[in-house]
Amino acid sequence: MDLDVFVSAHRAEWDRLDALLRRQRRLTGAEADELVTLYQRTATHLSLIQSSAPDPQLTGRLSQLVARARGAVTGTRRASWRDVTRFLTYGFPAAVYRARHWWVPTALISTAVSILLGWWIGTHPDVQSSIAAPSELRELTRPGGQYETYYSSHPAASFAAQVWTNNAWAAAQCLILGVFLGLPVLWILFQNMLNLGVGFGLMSSAGRLDTFLGLVLPHGLLELTAVFVAAGTGLRLGWTVIDPGPRTRRAALAEEGRAAIGMAIGLALVLFVSGAIEGFVTPSGLPTWARITIGIAAEVAFLAYVYVLGGRAARTGETGDVEAAERSAAVPMAA
């Protein structure tokens, strides 16, 4: 293709499209029809140039022109409270529900690993001595020691914000890094379970397991569930790379990736709740039974939210992906 001849033949159409897009007043019916026609032609011209005679400057100009025209033709869509409500009542719980075959086993296996690590640490003094000196361990586990004062070492609001930030980042890493065959997710998950197992083992060896559980369970049930959901979703995303199923690998990753992004937003809200419990309830003067009851209530509420609302939405075909109108068009494929 002779690029100079092609540009000379179609420059007037591109200039006319640009003029229509710059028009300040409302377009007439005929002008709107002309805008649509010129948009379609220019998009075709851009495709021809990219495939036959790519020119960076011309391609850039036409790409911007086509993007502006697409916005004018299709209109811009703004998020509304309807979108937020739909996400919270359908999209997010359905995505968590659909991923249950990944995050429930992840939760069970991870909890078992953490308990085994805690038992191993708690019953082997040589392992404890490799963690810290005996005097440091006594300072950690004694009444009023560092394990207890940790939750009240900062003002409740700032502590809750710090906890939420750390946990939300860990969950986001699980979701983002899952695409690397899920391997980074396993490492992040192991680090979390190791930290939990160390506390479990050291406090149990000091005869203060009840105190440890009273400090961890109020916020830990919901917090760990959110981490398990993120890890399970990340592992599923990694498996999609290996086995996309009947979809193309690109389509499968796009669908699961969009759902994972939505999952990250939803889990940030869940972790905000667990962070608030950790900042305000865990270090409070409430009796241990009351603090644990609050943690159990939050966990039961989340599971009911997922299995009732999410299950109902999933059975109607909701996947947690964006609405069909917002997705890129897909080319039909033969089975």
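Because the structure is predicted, anything quoted here is derived from the model rather than measured.

Colleague: Describe in detail the overall build of the chain, supporting the description with residues and values.
Modeller: Broken down by element type, the chain carries 13 helices and zero strands. Scanning the chain from its N terminus toward the C terminus, one meets helices and strands in the order α-α-α-α-α-α-α-α-α-α-α-α-α. A compact globule built from 335 residues would reach a C-alpha radius of gyration of about 20 Å, whereas the chain, at 28 Å, exceeds it by more than 25%. Taken along the three principal axes of its C-alpha coordinates, the chain extends 85 × 40 × 40 Å. Contacts in the chain between residues at least 24 apart in sequence constitute 76% of all its contacts with a sequence separation of at least 6. Summing over all exposed atoms, the chain offers an accessible surface of approximately 18,500 Å²; the carbon and sulfur share of this is 63%. The chain carries 28 positive and 25 negative side-chain charges, and their two centres are separated by 6 Å.

Colleague: Report on the pattern of salt bridges, specifying residues and quantitative values.
Modeller: Opposite charge on two side chains makes pairing possible when the charged atoms of those side chains draw close. Tallying each qualifying case throughout the model produces nine salt bridges. With a closest N to O distance of 2.9 Å, Arg61 and Asp15 form a salt bridge. Of the two residues, Arg61 sits in helix H3 (residues 56-74) while Asp15 sits in helix H1 (residues 3-22), which places them 46 residues apart along the sequence. By relative accessible area, which is 32% here, Arg61 ends up partly exposed. As a salt-bridge pair, Arg23 and Glu31 come within 2.8 Å of each other at their nearest N and O atoms. A relative accessible area of 11% means that Glu31 is categorised as buried. Via salt bridges that share partners, Asp18, Arg22 and Arg68 belong to a single interconnected network.

Colleague: An account of the UniProt feature "transmembrane region" (unreviewed entry) in the chain is requested, with residue identities and associated values reported.
Modeller: With numbering aligned to this structure, UniProt lists the feature "transmembrane region" (unreviewed entry) at residues 102-121, 168-189, 221-239, 259-277 and 289-308. Within residues 221-239, the helical portion is 100% and the strand portion 0%, while the C-alpha atoms at the span's ends are 27 Å from each other. A helix fraction of 100% and a strand fraction of 0% characterise residues 259-277, whose end C-alpha atoms lie 27 Å from each other.

Colleague: Any chance you could break down the packing of helix H5 (residues 100-122) against helix H11 (residues 209-242) for me, citing the residues and the numbers?
Modeller: Packing of H5 against H11 brings their axes to within 8 Å, and their N-to-C directions diverge by 120°. On the basis of their axis angle, the class for H5 and H11 is oblique. Between H5 and H11 lies a crossing whose hand is right-handed. Between H5 and H11, the contacting residues are Trp102, Trp103, Thr106, Ala107, Ser110 and Thr111 on the first element and Thr225, Phe228, Val229, Ala231, Gly232, Leu235, Arg236 and Trp239 on the second. When the residues that make up the contact of H5 with H11 are grouped by side-chain class, the tally is eight nonpolar, five polar and one charged.

Colleague: Describe the nonpolar core, and please don't skip the residues or the numbers.
Modeller: With 35 residues, the main nonpolar core has Phe92, Val96, Met263, Leu267 and Phe302 as its most contacted residues. Listing elements by their share of this core, those giving two or more residues are helix H4 (81-98), H5, helix H9 (156-177), helix H10 (183-205), H11, helix H12 (249-281) and helix H13 (288-315). Per-element tally for this core: the top contributor is H11, with nine residues. In this structure, Leu20, Leu21, Tyr39 and Leu65 belong to the second largest nonpolar core, which totals 16 residues.

Colleague: Give me the packing of H5 against H10: which residues, what numbers.
Modeller: Contact pair H5 / H10: the axes reach a minimum separation of 7 Å and the direction vectors enclose 40°. Between H5 and H10, the crossing angle belongs to the class labelled oblique. As for how H5 packs across H10, the hand of that crossing is right-handed. Counted together, Thr106, Ser110, Thr111, Ser114, Ile115, Leu117, Gly118, Trp119, Ile121 and Gly122 of H5 and Leu189, Phe190, Met193, Leu194, Leu196, Gly197, Val198, Phe200, Gly201, Leu202, Ser204 and Ser205 of H10 form the full contact between these two elements. Broken down by class, the residue content of the contact of H5 with H10 amounts to twelve nonpolar, ten polar and no charged.

About the cut-offs
Residues numbered from 1 in each chain as written. Predicted model: local features only at pLDDT ≥ 70, side-chain atom pairs only at ≥ 80, totals over all residues. Heavy atoms only, no water. Helix = DSSP H or I, 4+ residues; strand = E, 2+ residues; numbered from the N terminus. Rg over C-alpha atoms; globule rule 2.2 N^0.38 Å. Contact = heavy atoms within 4.5 Å. Areas by Shrake-Rupley, 256 points an atom, 1.4 Å probe, with all protein chains shown as cover. Lys, Arg positive; Asp, Glu negative; His and termini not counted. Charge placed at Lys NZ, Arg CZ, Asp CG, Glu CD. Salt bridge = Lys/Arg side-chain N within 4 Å of Asp/Glu carboxyl O. Buried < 20%, exposed > 50% of the residue type's maximum accessible area, 1.4 Å probe, protein only. UniProt positions renumbered as here; feature names shortened; annotations may be inferred. Axes fitted to C-alpha atoms, helices over the stretch in contact; angles between N-to-C directions. Parallel < 35°, antiparallel > 145°, perpendicular 65-115°, else oblique. Left-handed = near helix turned anticlockwise from the far one by under 90°. Nonpolar A, V, L, I, M, F, W, Y, C, P; charged D, E, K, R; others polar. Core = buried A, V, L, I, M, F, W, Y, C linked by side-chain atoms within 4.5 Å.

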